[in-house]
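Observations on chain architecture
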Amino acid sequence: MKKFALYFILGLFSVSIFSSCSSSEEDSPVNITIPTDVECCNAEETFLAYTFLNNSYVKEIPSLRDTIGGKYAVSVYSANGKLHLGYNDLFFAVTKISNQGYVRNFTVTDITPIMTMTAMGMKHSTPAITVSKVYDETFPAVHRAWVSYVMSTSDKGYWELSYKISTNGLSTVHAPSQITVDALAQGQTWLKSFKYNDTTYYLTLVNPKDYQTGINTIEAYISRQGIDKEVPYALSEDKFTIEIYPTMPDMGNHTSPDNKALTLQGDGSYMGQLNLTMTGTWDIHLHIKDADGNTVAGGEGLSDLYWTVSI
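The shown structure was predicted, so the numbers you read here are calculated from the model rather than taken from an experiment. Within each chain, residue numbers correspond to sequence positions counted from 1 in written order. It should be noted that, the model being predicted, local features are given only for residues of pLDDT at least 70 and side-chain atom pairs only at 80 or more, the latter also being counted only at that level, while totals for whole chains, interfaces and linings use all residues. By convention in this description, side-chain values take in all heavy atoms of the structure and omit both hydrogens and water.

1. Regarding unusual backbone geometry
A positive phi angle, near 65 degrees, is found at Gln100, a position not held by glycine. You can see Gln100 is positioned in the loop between β5 (86-96) and β6 (107-117). Relative accessibility decides the category of a residue: with a 1.4 Å probe and only protein chains considered, values under 20% of the type maximum give buried, values over 50% give exposed, and everything between is partly exposed. Using a relative accessible area of 55% as the deciding quantity, one classes Gln100 as exposed. The backbone phi angle of Asn168 is positive, close to 50 degrees, even though this residue is not glycine. Helix numbering and strand numbering both begin at the N terminus, where a helix is a DSSP run of H or I of at least 4 residues and a strand a DSSP run of E of at least 2.

As structure tokens, then:
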């Protein structure tokens with residue numbers, strides 16, 4: 001969900017609740033108690049957290065619920081409460097069991113996705129951010145991390161997810177819980193890998209479902225697989241440039257103007273500009289260059305390294 005849309009919805013919701021404070025309980029659109037508790041959020045932070053976590057965009061993943069010291073409840077959310085191949089946002093929230101107030105300060109660390117390959121008797125992880133950050137400073141009760149799954153759940157293997165969460169001097173380790181990772185729609189490819197200096201790198205495309213016709217901000221991450229494949233693959237410390245060449249394979253591979261290469265940002269993401277001139281299926285061909293401009297993977301034009309998206 002784009003932030004301007006999010007804030008528009010939050011603004012309408014906040015106005016609705018504030019305007020209902022003097023009305024009868026029957027007229028109130030929601031019934032939220034604001035705890036007078038230093039551990040919990042104030043009224044504005046509570047409204048914003050409640051709205052975000054109860055909209056049509058995110059839903060809770062029940063298997064990832066937990067409690068901390070019998071005092072706090074932990075909930076984990078994703079888009080539609082599901083997980084799929086490639087990039088997935090994970091949102092964390094903590095509430096105080098005694099009064100249901102959203103807790104302001106907590107940390108989530110050691111976020112660890114593990115795939116058990118049943119037929120091969122081996123395990124591996126996937127690209128992930130293992131420490132959450134506050135999703136938006138205006139509502140600190142919601143934290144965000146992400147996982148990019150390299151394969152879907154099947155009879156060949158299953159995924160589990162664990163994490164550690166702490167607040168107000170208490171903590172718990174959520175034991176590995178089995179989760180379902182769905183395949184993408186046929187023809188869609190949002191995660192690619194390449195080899196460089198005998199190391200495997202993963203190219204994660206962020207939320208291509210948000211794309212529309214015209215100019216889009218394109219965001220991606222480059223993660224590096226370590227020696228221990230059961231450790232989540234961290235963001236690469238190497239500096240690359242990702243040049244893009246979008247084409248429509250069903251329309252004679254015509255391309256589009258005004259595309260801009262993805263470059264490294266301060267938060268570790270890569271961002272550029274993608275122009276999708278019409279609806280349909282697009283192949284986003286990739287040309288990866290190192291800091292000196294040397295080709296690392298892919299190439300100019302119709303390279304064999306590409307994401308596939310549909311709008």
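2. Side note on the sheet that holds β6
Only strands that DSSP links by at least two bridges are regarded as paired with each other. Within the open sheet, the four strands sit side by side as β7-β6-β10-β11. Their pairing is antiparallel. The two strands at the open ends of the sheet, each matched to only one other strand, are β7 (122-124) and β11 (170-179). Between one strand and the next, the sheet's axes are offset by a mean angle of 20 degrees, whatever the strand orientation. Lines fitted to C-alpha atoms define the axes here, with helix axes fitted over just the stretch in contact, and angles between the N-to-C directions of these axes take values from 0 to 180 degrees.

3. Here's the deal with the nonpolar core
Each nonpolar core is a collection of buried residues, namely Ala, Val, Leu, Ile, Met, Phe, Trp, Tyr and Cys, held together in the definition by side-chain atoms within 4.5 Å. If you look at the biggest cluster of nonpolar residues, it comprises 28 residues, and the most contacted ones within it are Leu203, Ile218, Ile242, Leu286 and Ile288. Elements represented by at least two residues in this core include exactly β13 (191-196), β14 (199-205), β15 (214-224), β17 (241-247), β19 (270-276), β20 (281-289), β21 (295-298) and β22 (306-310). Broken down by element, the residue count for this core peaks at four residues, all from β20. Any two residues whose heavy atoms approach within 4.5 Å at even a single point are treated as in contact. Not counting residues within four places of it along the chain, the set of residues in contact with Leu286 comprises Leu203, Ile242, Glu243, Ile244, Ala297, Gly298, Gly299, Ser303, Leu305, Tyr306 and Trp307. Core analysis: the second largest hydrophobic core is formed by 26 residues, Val94, Phe106, Ile111 and Ile179 among them.

4. Notes on the packing of aromatic side chains
Here is the rule: rings of Phe, Tyr and Trp (six-membered ring for Trp) pair when centre to centre is within 6.5 Å. Planes less than 30 degrees apart are stacked, more than 60 are edge-to-face, and the remainder are tilted. One pass over the structure, following the stated rule, counts 16 aromatic pairs. Taking 5.6 Å as the distance between ring centres and 85 degrees as the angle between the ring planes, the aromatic pair formed by Tyr201 and Phe240 counts as edge-to-face. With Tyr201 in strand β14 and Phe240 in the loop between β16 (234-235) and β17, this pair connects stretches of sequence that are 39 residues apart. For Phe240, a relative accessible area of 2% translates into the label buried. Through successive ring pairs, a cluster of aromatic residues spans Phe52, Phe91, Tyr135 and Phe139. Placement of a charge over a ring requires the Lys NZ or Arg CZ to be within 6 Å of the ring centre, with the centre-to-atom vector within 35 degrees of the ring normal. A cation over a ring is seen here: Lys192 above Tyr306, with NZ or CZ 5.1 Å from the ring centre.

5. Considerations on the state of the cysteines
Cysteine sulfur pairs qualify as disulfides if the two atoms are within 2.5 Å. Counted under the stated rule, the structure contains zero disulfides. With no disulfide of its own, Cys40 has Cys41 as its nearest cysteine by sulfur position, at a separation of 7.2 Å. Assessed through its relative accessible area of 1%, Cys41 is described here as buried.

6. Here's the deal with the pairing of β6
Here nine bridges tie β6 to strand β10 (residues 157-167), and the two strands are oriented antiparallel to one another. Its bridge partner lying in β10, Met117 is registered against Gly157. Pairing analysis gives three bridges linking β6 to β7, with the strands arranged antiparallel. If you follow Met115 over to β7, its bridge partner there is His124.

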